[in-house]
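Observations on the model geometry
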Amino acid sequence: MKLQHLNEPQRQAVMTVEDPCLVLAGAGSGKTRVITQKIAWLIRESGYRPEKIRAVTFTNKAAREMKQRAGELLGKQEARGLRISTFHTLGLNILQREHAHLGYRKGFSILDARDAEDCIAELQHKDNPEAELIKQTQWRISQWKNDFITPKQALADAENSLEQHQARVYLAYQEQLQACNAVDFDDLIMLPVLLFRQQPEVLDQWRERIHYLLVDEYQDTNASQYELIKLLCGMRQKLTVVGDDDQSIYAWRGARPENIRLLQQDFPNLKVIKLEQNYRSTSRILRVANRVIGNNPHLFDKKLWSAAGDGDFVRVLPCRNDQDEAQQVVVDIIGKHFQGTPWKHFAILYRGNHQSRLYEKLLREHSVPYQITGGTAFFERSEIKDLTAYLRIIANPEDDRALLRIINTPRREIGATTLKTLGEYAAWRHRNLGLVLHEHGLEQKLSRKAWINLQRFADWLEEKRRQAEEMDAMSLTRLLIDELAYEDWLRNTSSSQKQAESRMANVEELVSWIGNLQKQQEEPTLDRLVTQLTLMSILENSDDDKSSDSVQLMTFHAAKGLEFPHVYLVGFEEDSIPHFQCQDEEGIQEERRLAYVGITRAEQQLTISYAQTRQKYGEVIQCEPSRFIAEMPAEDLEGAEHCSDRLSPEEKKERGMNHLDNLKAMLAG
DNA sequence: ACGCCGCGTATTTTT
DNA sequence: TACGCGGCGT
């Protein structure tokens, strides 16, 4: 097989098959190309059957892209059976096969982060109604799960009353999940690991299924994900991981970039290959990026370089205030667009989602098409949660949380008193809510009216379960929407016509999503579709945005892995980046990596803007330019004079900084 | 059961 | 400023 279009280190990375391999892939160094070529190499040259190769990514989007590119390289025939998925989907696959070993029943549900939060809130409410604590407890439980600490251990190890309390909630939470035949996101990784540790013969079966493992964005793995990797590899050590410690920006979420170091310990034969040639950006942009990230400590020395020329200066735009900043950026984009640059070549990146507002407003006012990624996630919307809860309760009759969510949505006149009685009765019977709906003992405890309403609901639910056997998930969803008169209900509960329309559009999108999913799935049973759906965020659904020509708006985090010819990093101020709540040494380092990720998104031109004053919570505050600007090499910057001493408009003019003002005038005139 | 008011809070968020 | 939530009033 010819390894076309690969440089020497890339070639090495592809051909290193016998030993475990760590590829340190700098930004824009062609890591996806390496992974896909390596898969092709494994199949064509090393004799691996495609179904024995597993590639793992963090996002569905990355998995899709990799699948697509591997498919192009190999052709349909050769790629047949190749498995590329997210970590969580891998965990789900394992659980779906092995759930019985762990005490779960077929059709188990997955709680998303919000469900889990609600669940914890309820459990905690009993003895501690402090709202602040909920997120903290959820975070703690997640940490425990990542470190494989059982509730009992956590309780035993608790060092203070807070931890004791949290451990008690953890215990109750796990019991609740078990009882509902449900798992959370962390369980999808933790449970397979626990199972593999307890039952080596099951692990052996999985090692037989996966002969070669590739992991993308390795710097983002947490402790339990790494453990899963190690277990699956076993002695065979057929492993390639690709990552970049400089792009580790999820430590706050539990990612452990030090897993890169551990890899060297755990795999003494590890071959480390560095990809340092960047094919994305101009040399100037890379010099700026290198200088900034150079202020962080490093495990491995790595220096990105580019064969592209210097290119344009990196521009620094000081602005009087946030309005002015948005104005300058938008005007600049419009000006460039009319010189022939398509809208989609521009990206506006910021630290926090709220910073998009001004830009949205201005872009709308100027009729510039834009697309915004992020904000309230699709799957968190109430209409989506309602419908998926219906699907969940149909697929998994034990899913108490789903039942509670929809039993009176839309209104069925099943009120709080009825539910309380139902809950007490079910608890007394040690059975799930959904399984006692018809019981005679319950009838005794309810009023005639409540009982009738409840029976009507229970009968309807059973009818849907029967129908679910005979029809596909998409038709079932349509049937539900129809029978529930869900659109009417949305209309009645929405505050405005506009909101109602957008919610209905979301419902439509969900339906088409389910349609797509069942086409892709090998075994499109309802329960499999529902769990898969929970692992998706529909934000990434927008494959259609590639075709649409619009300015892209997103956070630095969301931009990881993407590239644009013209990038604007806006709000580049102290307390924004680095964020005011990340002031310790480690925090600053992660913020610096975040800045690095932002900088390295740019192909041709990078513009960094900051405001000197900004409206925050209704009041005007003073801002300082980010310390990261001062870290950049002055000779590659244009307009950086402003960092130390602020210039008056006259001085600005003197130094030829008024091109934006000219543009503005031009557009106004 | 619903709606309104006032208070408190304000990152990033792959699954 | 804005939004979401809890409490309270109808």
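Residues numbered from 1 in each chain as written. Chains lettered and ligands numbered in written order. Predicted model: local features only at pLDDT ≥ 70, side-chain atom pairs only at ≥ 80, totals over all residues. Heavy atoms only, no water.

1. Examining unusual backbone geometry
The residue after Ile577, namely Pro578, is reached through a cis peptide bond having omega 0°. One can find Pro578 in the loop between strand 15 (564-569) and helix 26 (585-599). Even without being a glycine, Phe148 presents a positive backbone phi close to 60°. For Phe148, the position within the fold is in the loop between helix 6 (132-146) and helix 7 (151-157). Located in the positive-phi region is Gln237, a residue other than glycine, with phi close to 55°. Note that Gln237 resides in the loop between helix 11 (223-233) and strand 7 (239-243). Gln237 gets classed as buried once you look at its relative accessible area, which sits at 17%. (Helix = DSSP H or I, 4+ residues; strand = E, 2+ residues; numbered from the N terminus. Buried < 20%, exposed > 50% of the residue type's maximum accessible area, 1.4 Å probe, protein only.)

2. A word on the packing of aromatic side chains
Tallied over the entire structure, the rule returns eleven aromatic pairs. Arg209 extends its terminal NZ or CZ atom over the ring of Trp206, reaching a point 4.5 Å from the ring centre. Looking at Arg284, its charged tip hangs above the ring of Phe313, at a distance of 3.9 Å from the centre. (Phe/Tyr/Trp six-rings, centres within 6.5 Å; stacked < 30°, edge-to-face > 60°. Lys NZ or Arg CZ within 6 Å of the ring centre and 35° of its normal.)

3. Some words on the pairing of strand 14 (residues 551-555)
Extensive coverage of strand 14 is indicated by the burial of five of its five residues. Burial along strand 14 is two-sided: the residues Val551, Leu553 and Thr555 and Gln552 and Met554 are all buried. As defined by bridge partners, strand 12 (residues 346-350) adjoins strand 14 across four bridges and the pair is classed as parallel. Across the sheet, residue Tyr350 finds its bridge partner in strand 14, namely Thr555. (Pairing = 2+ DSSP bridges.)

4. Description of the pattern of salt bridges
Taken as a whole and judged by the stated rule, the model has 48 salt bridges. A salt bridge links Glu51 to Arg49; its shortest N-O distance comes to 2.6 Å. The partner of Arg197 in a salt bridge is Glu227, with the nearest N and O atoms 3.4 Å apart. In this pair, Arg197 is assigned in helix 9 (residues 185-198) and Glu227 in helix 11, connecting sequence segments 30 residues apart. A residue is classified by how much of its surface remains accessible, and Arg197, at 42% relative accessible area, is partly exposed. (Salt bridge = Lys/Arg side-chain N within 4 Å of Asp/Glu carboxyl O.)

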